[in-house]
Amino acid sequence: EAAVTQSPRNKVTVTGGNVTLSCRQTNSHNYMYWYRQDTGHGLRLIHYSYGAGNLQIGDVPDGYKATRTTQEDFFLLLELASPSQTSLYFCASSERLGLGGREQYFGPGTRLTVL
Amino acid sequence: AQKVTQTQTSISVMEKTTVTMDCVYETQDSSYFLFWYKQTASGEIVFLIRQDSYKKENATVGHYSLNFQKPKSSIGLIITATQIEDSAVYFCAMREGQSNYNVLYFGSGTKLTVEP
């Protein structure tokens, strides 16, 4: 089973602050994803990647950058944080469909509060 | 437009009974995959069960099973003999067959409370 870890688990910052959320997966999965979860919206896709150096834009990308530095590591960057970005953030990974991958495996989440 | 819709925001059942959670989806693809995930009170999101659209047989894993009604674009999750620890938020999700990146579209979730 995929192991996905996230850090920090909780983060408080101020409006305009700079925040980096980290995600690491240790199951050699090709695909990684960043989601935000807000009440009434379920999980919404921010950015995703299929390998180091690759970045794809999701459904709610505004105000977020992301970078995939290695197959294991995927970062989400908020360069000018706003209160509307207060949310619970999840990272996930999955294998390629051609290699039997279908499900996504989730990290434990990071709770971000922007004051 | 919402690709995955869960209209039940919350359900409450008595322990040891059977519950069904509804989900409808929208896709033009002839091949797709449907998933149910569980989010526990601690926030952990766990994959439960999957239905591949080309399979006619409903998927079953432990006390979870699916009611796949392809003509209605519906995939219900059935939990039999519910236990207190089944209390959680359940998400339905869909992966379209044409997706190159295994992107999932999620519903907004149904909160299940199992009462003793």
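See the structure shown above.
Residues numbered from 1 in each chain as written. Chains lettered and ligands numbered in written order. Predicted model: local features only at pLDDT ≥ 70, side-chain atom pairs only at ≥ 80, totals over all residues. Heavy atoms only, no water.

### Notes on the overall build of chain B
Next up, step 1: Counting its secondary structure elements, chain B contains zero helices and 12 strands.
Next up, step 2: Walking chain B from its N terminus toward its C terminus, one meets helices and strands in the order β-β-β-β-β-β-β-β-β-β-β-β.
Next up, step 3: For chain B, the proportion of its 116 residues judged to be buried stands at 48%.
Next up, step 4: Carbon and sulfur atoms form 49% of the exposed surface of chain B, whose accessible area is close to 5,700 Å².
Next up, step 5: Side-chain charges of chain B comprise 10 positive and 11 negative groups, with the mean position of each set lying 6 Å from the other. (Helix = DSSP H or I, 4+ residues; strand = E, 2+ residues; numbered from the N terminus. Buried < 20%, exposed > 50% of the residue type's maximum accessible area, 1.4 Å probe, protein only. Areas by Shrake-Rupley, 256 points an atom, 1.4 Å probe, with all protein chains shown as cover. Lys, Arg positive; Asp, Glu negative; His and termini not counted. Charge placed at Lys NZ, Arg CZ, Asp CG, Glu CD.)

### What about the side chain of asparagine 54 of chain A?
Residues and elements named next belong to chain A.
Next up, step 1: On the secondary structure map, asparagine 54 appears in the loop between strand 5 (42-49) and strand 6 (56-57).
Next up, step 2: Look at asparagine 54 and you get buried, because its relative accessible area is 12%.
Next up, step 3: Among the polar contacts made by the side chain of asparagine 54, one reaches the main-chain amide nitrogen of tyrosine 50 at a distance of 3.1 Å.
Next up, step 4: What asparagine 54 contacts, discounting residues up to four positions off in sequence, is Ser49 and Arg68. (Polar contact = N/O pair within 3.5 Å; in protein donor to acceptor, adjacent residues only side chain to side chain. Contact = heavy atoms within 4.5 Å.)

### Re the nonpolar core
Next up, step 1: Judged by nonpolar contacts, the single largest core of 25 residues is most densely connected at Trp36, Ile75, Leu77, Tyr90 and Leu112 of chain B.
Next up, step 2: It is strand 10 (residues 88-96) of chain B that contributes the most residues to this core, four residues altogether.
Next up, step 3: Excluding anything up to four places from it in sequence, tyrosine 90 of chain B contacts Gln6, Met21, Trp36, Tyr37, Lys38, Leu48, Tyr64, Leu77, Ile79, Gly109, Thr110 and Leu112 of chain B.
Next up, step 4: Judged by nonpolar contacts, the second largest core, of 19 residues, contains Leu43 and Leu88 of chain A together with Ile45 and Leu104 of chain B. (Core = buried A, V, L, I, M, F, W, Y, C linked by side-chain atoms within 4.5 Å.)

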